[in-house]
Amino acid sequence: MRHALLLAALWTMTLLAYSNSFTAALIFDSNRVVLQDTRIRAVTPENRHLIWTQDYWYPTLAGGLFRPLTTLSYQWNYAVLGNGPHPAGYHWINLLLHLVNIALVYLVGLLIFEAPWPAFAMAALWALHPLLTESVTNVVGRADLLAAFGVLAGLVCYTRSVAATGWRQAAWLVAAAASSAVGIFSKESAIVVLAVVPIYGLAFGRATTWRSRLPVYAALSLPVLVYLQMRSHVLANLPSLVTSFGDNPLVGAGFWTARFTAVKVIGRYLWLLVWPAHLSADYSYNQVPLFRWRFDSLEDAKTLFALAMCIAAAAAAVVAWRRAKPVFFFIAFFFVSLSPTANLVILIGTIMAERFLYLPSIGFAGCLVWLVVEACRRWPAMRTAAPAMLGVLSLALAARTFARNSDWHDEQSLWASSVIACPGSYKTHTDLALATMSLPDGTGLDIAQAQLERALAILGPLPDHLNPTSAWASAGFFYRLKGDMLAQSDASKPGYDPHSNPWYRKSLEIFLRGKRIDEAWNRAMKQRNLADGKPIADFGWPQLYLGLGRLYQRLQEPQQALEAFQYGLTIRVQPEFFEEIYATWRALGDPEKAVKALMEGLAVDPTQTQLASRIVQFYRETAPMSCALTSAGGSVSLNLGCPLVHDHLCGASQHLVERYRQPGHKAQADAVIASAVRTLGCPAEMFK
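Predicted model, so just to flag it, every value in this text is computed and none were measured.

1. Examining the overall build of the protein chain
In step 1: Helix and strand counts for the protein chain stand at 28 helices and 2 strands.
In step 2: For 688 residues, the compact-globule estimate of 2.2 N^0.38 gives 26 Å, and the protein chain sits close to it at 28 Å.
In step 3: Projected onto its principal axes, the C-alpha coordinates of the protein chain cover approximately 95 × 60 × 50 Å.
In step 4: Buried positions account for 52% of the 688 residues belonging to the protein chain.
In step 5: Counted over contacts in the protein chain with a minimum sequence separation of 6, partners at least 24 positions apart contribute 69%.
In step 6: Looking at charge distribution, the protein chain has the averaged site of its 56 positive side-chain charges lying 12 Å from that of its 45 negative ones.

Structure follows, in structure tokens:
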């Protein structure tokens, strides 16, 4: 009952600290994994197959990640619980997972401290720390929650299995394997369970032999081996990824420069654990400057200080192995659980992220509580003051967590706080600009312009092959928007020439720089995939070409616009391109190609009702007396039996298959062929 009451108190404090998180929107990366992932919208065999055979970031990009259980949990939210695009249900599931992990941390604390109050203090300090909001309040952090569950539950199951015999031991072994499977199939970093459990055994397992631990080690390892095999098979059929220098500058640095800078990042993590006053959703280039081997600079001094801290922590762990087992375990736990994302061995997709501390911060909380416990043991006067101090600290952390949750309310609040915390990151400035330029009545345009100019000032000196395309695409879009506003007043003037619009000229300059950057990225991706023996496709940022094509439309250069749209489609087939291609072909006076473009777009995404409406309007304008349209019940629809419509649909399907075949999307091409032949009655020969 005492443990139940303590857990109830922990959960109540956490619920209060996160009580304002349920209204947070699906922003940042949560937008992609929930709102843009078509696999989670319905529970079907096709979607299940895609979840187990495609990248985590499907369909927007290839990130080299395989996290099927996390994606299935989003599908459960979206389709089974019926949450759809509404965020509250996703936040509740995230918080429930966090509450389960709090209980597991409390159990781990009981195992290590062998007393309720230190376990309670450790769980409270961890549960309420504001760094954890990026994993709890940010819906995409669910992968970290599930991975942490796998590691913590695997550790608890290990301790129970070595103390049990017979069927009870078998049950705990099955539970350990299931926990490991949940963790590893949710996020790759859960592989640390294979190191955390032996470290615990080294610290506290003197009563058991290594031979008696082998069954649980095998139970934990089996799901990991299965996952690694499946992951290897899935990623072998997907494009290889070249990590962006903008997201992780370490990929463009020398070996030792990258490792010293990674150590500096660990120092930043430790500081954020101690003083989480300024938190950010992003730490991209150039928030963490590379180590420059100039020992008189402040940034290099921070690196050396962080290195000294890491060496001191390692030395303390070695000494504590004999004298203070909990300290040894907590220090080792921190560094081992951080290792997959620390960029010390393998360079990952980002240089730094607060969500990476969700699991390692348990080690920090444990060390802090151990210090308090030791102080109480050595100085009896501390036995009264210590609980009060921990209580005040917990309240302070809870208050900061509550305040941090408000930053996650929407894109504008998130990036406004991130710019303050990380003024050196190009991405914080770019995303704040995108969030403010859409404010009503143009109130955010001046802010957006200032933020974009700051982002481009950060990126400008970088060579094309290191530059990220996204910021230049966003800036080009913004300046085109400014040009549209000026054109509204100037277009009615005699002899108006859109090329005289200064904002259009600036937009074109930015877009063309972005195009050169994107071409350099495309070459790098092709070289990587060629080296890996994978199909060579065009890679890049499709929104850049959508924006460039629309700018060419404003400049009354339809042929250049068409080239931009067509190239964007080779990167990613998405409906917006087809609508713009339709308008461009109409401007060029080719109605046949115009309507086929609309039909291609509708074949890609049948839910695009505006494309269907445009097709109906097209036939009304160009063939009003033909059989193309039919009326029923007061509504007008396409007559699929009309030879004119049939020929257009088959031609559009043939063209779409050619688009899919070029990048090597055989499954999509086969699906279009099957639909065209069976549903539309198109000749199979035209697709050979």
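2. Focus on the side chain of S417
In step 1: Within the element layout of this structure, S417 appears in helix α17 (residues 411-421).
In step 2: Once residues within four sequence positions are removed from consideration, S417 is found in contact with L279, R404 and D407.

3. Some thoughts on the confidence of the model for the protein chain
In step 1: Per-residue confidence for the protein chain gives a mean pLDDT of 91; residues scoring 70 or more make up 98%.
In step 2: Ranking the elements of the protein chain by mean pLDDT puts helix α28 (residues 666-678) last, at 76, and helix α7 (residues 133-136) first, at 98.

4. A short note on the packing of helix α15 (residues 361-378) against helix α16 (residues 382-407)
In step 1: Closest axis-to-axis distance for the α15/α16 pair is 8 Å, and the angle between their directions is 160 degrees. Relative to α16, α15 is oriented roughly antiparallel. Every pair of crossing elements has a handedness; the one defined by α15 and α16 is right-handed. From α15, L368, V372, A375, C376 and R377 reach across to α16, where they touch M382, R383, A386, L390 and L393.
In step 2: Looking at side-chain class alone, the contact of α15 with α16 contains 8 nonpolar, no polar and 2 charged residues.

5. Here we look at the state of the cysteines
When the sulfur atoms of two cysteines share a covalent bond, that bond is a disulfide.
In step 1: Tallied over the entire structure, the rule returns 2 disulfides.
In step 2: The side chain of C627 participates in a disulfide bridge whose partner is C642; the two sulfur atoms lie 2.1 Å from each other. The sign of the S-S torsion, about 70 degrees, decides the handedness of the disulfide formed by C627 and C642: right-handed. A residue pair is termed long-range when its members are at least 10 positions apart, and C627 in the loop between α26 (609-622) and β1 (629-632) and C642 in the loop between β2 (635-638) and α27 (643-661) qualify at 15 residues.
In step 3: A residue is classified by how much of its surface remains accessible, and C627, at 34% relative accessible area, is partly exposed.
In step 4: Disulfide pairing is shown between C650 and C682; the S-S distance is 2.0 Å. Between C650 and C682, the S-S torsion sits near -90 degrees, and that sign places the bridge as left-handed. Of this pair, C650 sits in helix α27 while C682 sits in the segment after α28; the two residues are 32 residues apart in sequence, bridging distant segments of the chain.

6. Quick notes on the environment of A342
In step 1: Structurally, the position occupied by A342 is in the loop between α14 (325-338) and α15.
In step 2: Considering only alpha carbons, one finds A342 and M352, 10 residues apart in sequence, at a separation of 8.1 Å.

7. Some points on the packing of helix α20 (residues 469-490) against helix α21 (residues 502-531)
Any two packed helices are characterised by how steeply their axes cross, that is the angle between the axes, and by the distance between the axes.
In step 1: Put simply, α20 and α21 touch, their axes get as near as 8 Å, and they point 165 degrees apart. In terms of orientation, α20 lies roughly antiparallel with respect to α21. Regarding α20 and α21, the two cross each other, and that crossing is left-handed.

8. Remarks on the pattern of salt bridges
In step 1: Tallying each qualifying case throughout the model produces 21 salt bridges.
In step 2: One salt bridge connects R586 with E621, and the closest N-O pair in it is separated by 3.4 Å. Highlighted residues: R586 in helix α24 (residues 575-587) and E621 in helix α26, separated in sequence by 35 residues.
In step 3: Residue classification places R586 among the partly exposed residues on the basis of a relative accessible area of 33%.
In step 4: Looking at E621, the relative accessible area reads 46%, which means it is partly exposed.
In step 5: Residues participating in the shared-partner salt-bridge network are K264, R268, E299 and K302.

9. Observations regarding the environment of A163
In step 1: Within the secondary structure, A163 is located in the loop between α8 (142-161) and α9 (166-184).
In step 2: Since its relative accessible area comes to 61%, A163 is described here as exposed.
In step 3: Linking A163 and S212, residues 49 residues apart in sequence, is a C-alpha distance of 9.8 Å.

10. Remarks on helix α22 (residues 542-554)
Because an α-helix completes one turn every 3.6 residues, residues spaced three or four positions apart along the sequence face the same direction.
In step 1: In a regular helix each residue adds 1.5 Å, so 13 residues correspond to 18 Å; α22 covers 19 Å between its end C-alpha atoms and thus fits that length.
In step 2: All of the buried residues along α22 are P542, L544, Y545, L546, G547, L548, G549, L551 and Y552.
In step 3: Residues of α22 that are buried in the fold lie against α20, α21, α23 (558-571) and α24.
In step 4: Following α22 by one or two positions, Q556 adopts a phi angle in the positive range, close to 60 degrees.

What counts as what
Residues numbered from 1 in each chain as written. Predicted model: local features only at pLDDT ≥ 70, side-chain atom pairs only at ≥ 80, totals over all residues. Heavy atoms only, no water. Helix = DSSP H or I, 4+ residues; strand = E, 2+ residues; numbered from the N terminus. Rg over C-alpha atoms; globule rule 2.2 N^0.38 Å. Buried < 20%, exposed > 50% of the residue type's maximum accessible area, 1.4 Å probe, protein only. Contact = heavy atoms within 4.5 Å. Lys, Arg positive; Asp, Glu negative; His and termini not counted. Charge placed at Lys NZ, Arg CZ, Asp CG, Glu CD. pLDDT = per-residue confidence, 0-100. Axes fitted to C-alpha atoms, helices over the stretch in contact; angles between N-to-C directions. Parallel < 35°, antiparallel > 145°, perpendicular 65-115°, else oblique. Left-handed = near helix turned anticlockwise from the far one by under 90°. Nonpolar A, V, L, I, M, F, W, Y, C, P; charged D, E, K, R; others polar. Disulfide = S-S within 2.5 Å. Salt bridge = Lys/Arg side-chain N within 4 Å of Asp/Glu carboxyl O. Expected span 1.5 Å × (residues − 1).

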